[in-house]
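# Chain and residue survey
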Amino acid sequence: MRTFKGFIIKCVLFLVPFFVLAGIYFYDDPFKVLREYKKYDNDPIFLNEDYIGWKTYKNYRDSLHFDSFILGNSCTMAFLTSDWEKYLNGEKAIRLYGTAQRLAAVHRKVMALDKQQDKIANVLLIVDPTLLREHQLSSGYMHLLPPEISGMNKFKFQSQFAQEFFNPKFMIPYMDYRICHHYRPYMRGIVNPDKNIRNTVTNDLWNPREEEIAELGDYYWEKYKKRFRPRSGQDQTYPPVLMKPQIKLLSGMAEVFQTHHTNCKIIISPEYKQIRMNPADVEQLKNIFGSENVYDFSGINQYTNDIRNYYDGAHYRPCLGRQLLDSIYATHEPTD
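First, a word on what this report is: a plain description of the structure on this page. Everything numeric here is computed off the predicted structure, so don't read it as measured data.

What follows covers the packing of aromatic side chains. For the structure on display, the rule yields 26 aromatic pairs. Aromatic pair Phe 31 and Phe 170: ring centres 4.9 Å apart, planes at 40°, arrangement tilted. Here Phe 31 is found in the loop between helix 1 (2-28) and helix 2 (49-64), whereas its partner Phe 170 is found in helix 8 (residues 168-180), with 139 residues between them in sequence. Residues Phe 31 and Phe 170 agree in their burial class; the two are buried. Ring geometry for Phe 228 against Tyr 272: centres 5.2 Å apart, planes inclined by 70°, an arrangement best described as edge-to-face. Of this pair, Phe 228 sits in the loop between helix 10 (219-223) and strand 6 (236-237) while Tyr 272 sits in the loop between strand 7 (263-268) and strand 8 (275-276); the two residues are 44 residues apart in sequence, bridging distant segments of the chain. For Phe 228, a relative accessible area of 8% gives the class buried. According to the relative accessible area criterion, Tyr 272 is buried, its value standing at 9%. Put simply, the rings of Tyr 25, Phe 26, Phe 31, Tyr 51, Tyr 141, Phe 157, Phe 161, Phe 165, Phe 166, Phe 170 and Tyr 174 pair up and form one aromatic cluster.

Bringing the pairing of strand 1 (residues 66-72) into the picture now. The buried fraction of strand 1 amounts to 7 of the 7 residues, a majority that puts the element mostly inside the structure. Looking at chain direction, strand 1 and strand 3 (residues 122-127) are connected through 4 bridges and run parallel. Bridging from a neighbouring strand, Leu 71 pairs with Leu 125 of strand 3.

Phe 69, Leu 132, Leu 250, Leu 285 and Phe 289 are the most contacted members of the largest nonpolar core, which has 40 residues in total. The leading source of residues in this core is helix 4 (residues 103-116), at 7 residues. Contact partners of Leu 250, with chain neighbours within four places excluded, come to Leu 103, Leu 132, Leu 242, Leu 285, Ile 288 and Phe 289. Counting residues in hydrophobic clusters, the runner-up holds 30 residues, among them Cys 75, Met 77, Tyr 272 and Leu 324.

Buried residues of helix 13 (residues 318-328): Pro 318, Leu 320, Gly 321, Leu 324, Leu 325 and Ile 328, and no others. Along the axis of helix 13, the buried residues cluster in a sector spanning 150°; they form a single face.

This part is about the state of the cysteines. Structurally, a disulfide amounts to a covalent bond that connects the sulfur atoms of two cysteines. Scanning the model with the defined rule gives 0 disulfides in all. The thiol sulfur of Cys 75 is not disulfide-bonded, and the nearest other cysteine sulfur, from Cys 319, lies at 13 Å. Overall, Cys 319 belongs to the partly exposed group, its relative accessible area being 24%.

This part takes up the sheet that holds strand 3. Ordered in space as 2-1-3-7-9, the 5 strands form an open sheet in which the pairing is parallel. Here the strands that pair on one side only, and so sit at the sheet edges, are strand 2 (92-97) and strand 9 (294-296). Neighbour-to-neighbour, the strand axes of the sheet open up by a mean angle of 15°, direction not taken into account. Judged from the 6 bridges that link them, strand 3 and strand 7 form a sheet pairing that is parallel. Considered in strand 7, the bridge of Val 123 is made with Cys 264. Sheet strands in contact with helix 2 are strand 1 and strand 2, and its direction is about 160° off that of strand 2.

The end-to-end C-alpha distance of helix 8, which contains 13 residues, comes to 17 Å, matching closely the 18 Å that a straight helix rising 1.5 Å per residue would cover. Inspection of helix 8 places Phe 170, Met 171, Pro 173, Tyr 174, Met 175, Asp 176 and Tyr 177 among the buried residues, and these make up the whole buried set. Just beyond helix 8, the residue with positive phi is His 181, at close to 55°.

Reading guide: rules and limits
- Residues numbered from 1 in each chain as written.
- Predicted model: local features only at pLDDT ≥ 70, side-chain atom pairs only at ≥ 80, totals over all residues.
- Heavy atoms only, no water.
- Phe/Tyr/Trp six-rings, centres within 6.5 Å; stacked < 30°, edge-to-face > 60°.
- Helix = DSSP H or I, 4+ residues; strand = E, 2+ residues; numbered from the N terminus.
- Buried < 20%, exposed > 50% of the residue type's maximum accessible area, 1.4 Å probe, protein only.
- Pairing = 2+ DSSP bridges.
- Core = buried A, V, L, I, M, F, W, Y, C linked by side-chain atoms within 4.5 Å.
- Contact = heavy atoms within 4.5 Å.
- Arc of directions from axis to C-beta.
- Disulfide = S-S within 2.5 Å.
- Axes fitted to C-alpha atoms, helices over the stretch in contact; angles between N-to-C directions.
- Expected span 1.5 Å × (residues − 1).

Below, the structure is given as structure tokens:
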């Protein structure tokens, strides 16, 4: 009898840490997926941007009547909805992006918007070869699309986040930061040290590096020169990435845009590394969406030559985004 009681006590003691952590998970809701939130304010933890963007859209869709959408990966931060709306006809825009976004995810979002929206007036699609190459959905909690878009079972969706929480690679830095409120280098990718400022309505992102650039001036690029790999200065071209699976997804999106009479503009990102998108891919995009709607800013040009247009080797600034908008809407006078 004593042996059995001892066994029960050991089991209880063994399970206590699990129940404590489970309680913290349900109380904290670190990924912001367990409960509904009116606003998704800044969070010290990197969140699933696909989920946050879609929930924000659903929260304000009926009151603000969104009908214009910025789609793509994190480079969409260079295009503020307030800047884009100056070229629209009174339409209301929101940014629906994803971290390391894939073409498959963009396609699913367009299909979901087709079901949700009576009108998709405008789309600004920011692409690069990496985005266009991936015709299957990403795995991992940071890239899961909301069940409403992906069709994934809600229980499976939630279980992915719960499993990630109990993964020591997440749980240890999370609990460390939760207790000490101090960022440490090993927390990279889990805890956000930059405290980006999110617009809780349009999902725009204000990068605090802008404030640093204002303070440091040109010294910013000297201070962070390790973020910018040397460029060859020679013309380089990516291999083609648009094959049958990708073309099928893009064509499906184009059909939705045709149905809604959407004014779709596709921007091929001006990457800092100055590698041109393959001309065959550019031509394919023009064939699908119309040559007048595809703008290729990749390669060596006036935009990519200026290092001051970039935060680092992967992301460019809203000052460059505004230049690109001015270029593609050159015949359209912006409104104040």
